[in-house]
Amino acid sequence: MRFDVAREVFVCAASTDVPDDNPPETAALRFTLRSARDAAAELAPLDPADHWLVGELGGDIVTHTFLSTARSFDYAPLPGCRFRLRADVAYGYGAWTPPALRGRGYRRRAFLEELRWLRTIDKKWEASVFTAAQLDPARRSLLPVGIVVEPLFCVRYARDRHADVERLVDGDDDRCVPITSYNE
Ligand SMILES: CC(C)(COP(=O)(O)OP(=O)(O)OC[C@H]1O[C@@H](n2cnc3c(N)ncnc32)[C@H](O)[C@@H]1OP(=O)(O)O)[C@@H](O)C(=O)NCCC(=O)NCCS
């Protein structure tokens, strides 16, 4: 079977130095940090050793995400899209809110929660990947609560399976560095 895919994603960084107050509309949410081993298999964490941040309301999971403190990550949907992380950078992935509950600010609140937790373990930045279509809406949504999403790299993955990595920040910025591509 031919695998026909072409995608453009942005590898971004967000500072963990965020405000301590929460948007009032999400005040009732309760967050717990669990082991990714406790996540149902279909949620598919990259590594069972990762952390699983779960937001609950009235006993239901209403948003969740995974956090990795490993020194590199693979963006699973794009083979070969692999980055090395500086010691003060973690990786967040797999953010999800059930479709019926989207647009209520649950992910925004969860992002604040994970950044604050990462700060307590001496991580200054969280790296995460946004598809091209998600980047601007996400930045617009997150900025008002003090989360600044800074694009570091644009990765274009063409139908010939060539992954082109464009650096968008200074060459000496070593928070997040590509370590391979599909073609190497
Ligand atoms: C992306 C997602 C987690 C946002 O959850 P949510 O609880 O609805 O988010 P909020 O209510 O806090 O904010 C919604 C806004 O954030 C924007 N947004 C889009 N992608 C986003 C992202 N990756 N992270 C944060 N916000 C995002 C939405 O477009 C929306 O903007 P709008 O209000 O201008 O329409 C949810 O839509 C989802 O689960 N999507 C499917 C999985 C996915 O794409 N995950 C992200 C990549 S790992």
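Undergrad: What should I look at first to understand the overall build of the protein chain in this one?
TA: Regarding its fold elements, the protein chain presents two helices and 11 strands. In sequence order, the secondary structure elements of the protein chain are arranged as β-β-β-β-β-β-β-α-β-α-β-β-β. Radius of gyration (C-alpha) of the protein chain: 16 Å, near the 16 Å computed for a compact globule of 184 residues. A principal-axis box enclosing the C-alpha atoms of the protein chain has dimensions of 50 × 40 × 30 Å. Residues counted as buried form 32% of the 184 residues belonging to the protein chain. Taking as baseline every contact in the protein chain between residues at least 6 positions apart, the subset at least 24 positions apart corresponds to 66%.

Undergrad: How should I be thinking about the nonpolar core in this particular structure?
TA: Ranked by internal contacts, the top residues of the largest apolar core, which has 40 residues, are Val 11, Ala 127 and Val 155. If you list the elements that add at least two residues to this core, you get β1 (7-15), β3 (51-57), β4 (60-68), β6 (82-85), β7 (89-96), α1 (106-120), β8 (125-131) and β9 (149-157). When neighbours within four sequence positions are excluded, Val 155 is seen to be in contact with Val 9, Val 11, Leu 78, Cys 81, Ala 163 and Val 165.

Undergrad: Just checking my understanding: could you explain the sheet that holds β4 for this structure?
TA: Backbone-to-backbone hydrogen bonds join strands into a sheet, with any given pair of strands oriented parallel or antiparallel. Spatially, the eight strands line up as an open sheet ordered β2-β3-β4-β7-β8-β1-β9-β10, and their pairing is mixed. The sheet is open, and its two edges are formed by β2 (30-35) and β10 (163-167), each paired on a single side. Taken over all neighbouring pairs, the strand axes of this sheet differ in orientation by 25° on average, direction set aside. The pairing of β1 with β9 spans eight bridges and is antiparallel. By the bridge assignment for β9, Cys 12 is matched with Pro 151. The sheet contacts of helix α2 (residues 132-142) involve β1, β8 and β9, and relative to β8 the element is tilted by about 130°.

Undergrad: Even after reading the chapter, I still don't get α1, so can you show me in this structure?
TA: Side chains three or four residues apart in an α-helix point the same way, a direct result of the helix having 3.6 residues per turn. If you check α1, its first and last C-alpha atoms are 22 Å apart, about what 15 residues at 1.5 Å a residue would give, namely 21 Å. Along α1, the residues that are buried comprise Tyr 106, Arg 107, Arg 109, Ala 110, Phe 111, Leu 112, Glu 113, Glu 114, Leu 115 and Leu 118. Residue Asp 122 follows α1 closely and has a positive phi angle near 70°.

Undergrad: Would you explain the environment of Phe 153 in this entry?
TA: Among the structural elements, Phe 153 can be located in strand β9. With residues near it in sequence (within four places) discarded, Phe 153 still touches Val 11, Val 165, Glu 166, Arg 167, Leu 168 and Pro 178.

Undergrad: Just checking my understanding: could you explain the confidence of the model for the protein chain for this structure?
TA: Caution applies to low-pLDDT regions: their predicted coordinates should not be interpreted in detail. With 94% of its residues at a pLDDT of at least 70, the protein chain reaches an overall mean of 92. For the protein chain, strand β11 (residues 176-180) is the element with the lowest average pLDDT, namely 87, and α1 is the one with the highest, namely 98.

Undergrad: How should I be thinking about the site of the ligand in this particular structure?
TA: Near the ligand lie 19 residues; those nearest to it are Thr 97, Arg 102, Arg 107, Pro 137 and Ser 141. When contributions to the shell around the ligand are tallied by element, the ones reaching two or more residues are β7, α1 and α2. Sort the elements by how many residues they give to the shell around the ligand and α2 lands first, with five residues. Residues that form the shell around the ligand fall into these classes: seven nonpolar, seven polar and five charged.

Thresholds, definitions, all that
- Residues numbered from 1 in each chain as written.
- Predicted model: local features only at pLDDT ≥ 70, side-chain atom pairs only at ≥ 80, totals over all residues.
- Helix = DSSP H or I, 4+ residues; strand = E, 2+ residues; numbered from the N terminus.
- Rg over C-alpha atoms; globule rule 2.2 N^0.38 Å.
- Buried ≥ 20, exposed ≤ 12 C-beta atoms within 10 Å, placed from the backbone.
- Contact = placed C-beta atoms within 7 Å.
- Core = buried A, V, L, I, M, F, W, Y, C linked by C-beta atoms within 7 Å.
- Pairing = 2+ DSSP bridges.
- Axes fitted to C-alpha atoms, helices over the stretch in contact; angles between N-to-C directions.
- Expected span 1.5 Å × (residues − 1).
- pLDDT = per-residue confidence, 0-100.
- Near = placed C-beta within 6 Å.
- Nonpolar A, V, L, I, M, F, W, Y, C, P; charged D, E, K, R; others polar.

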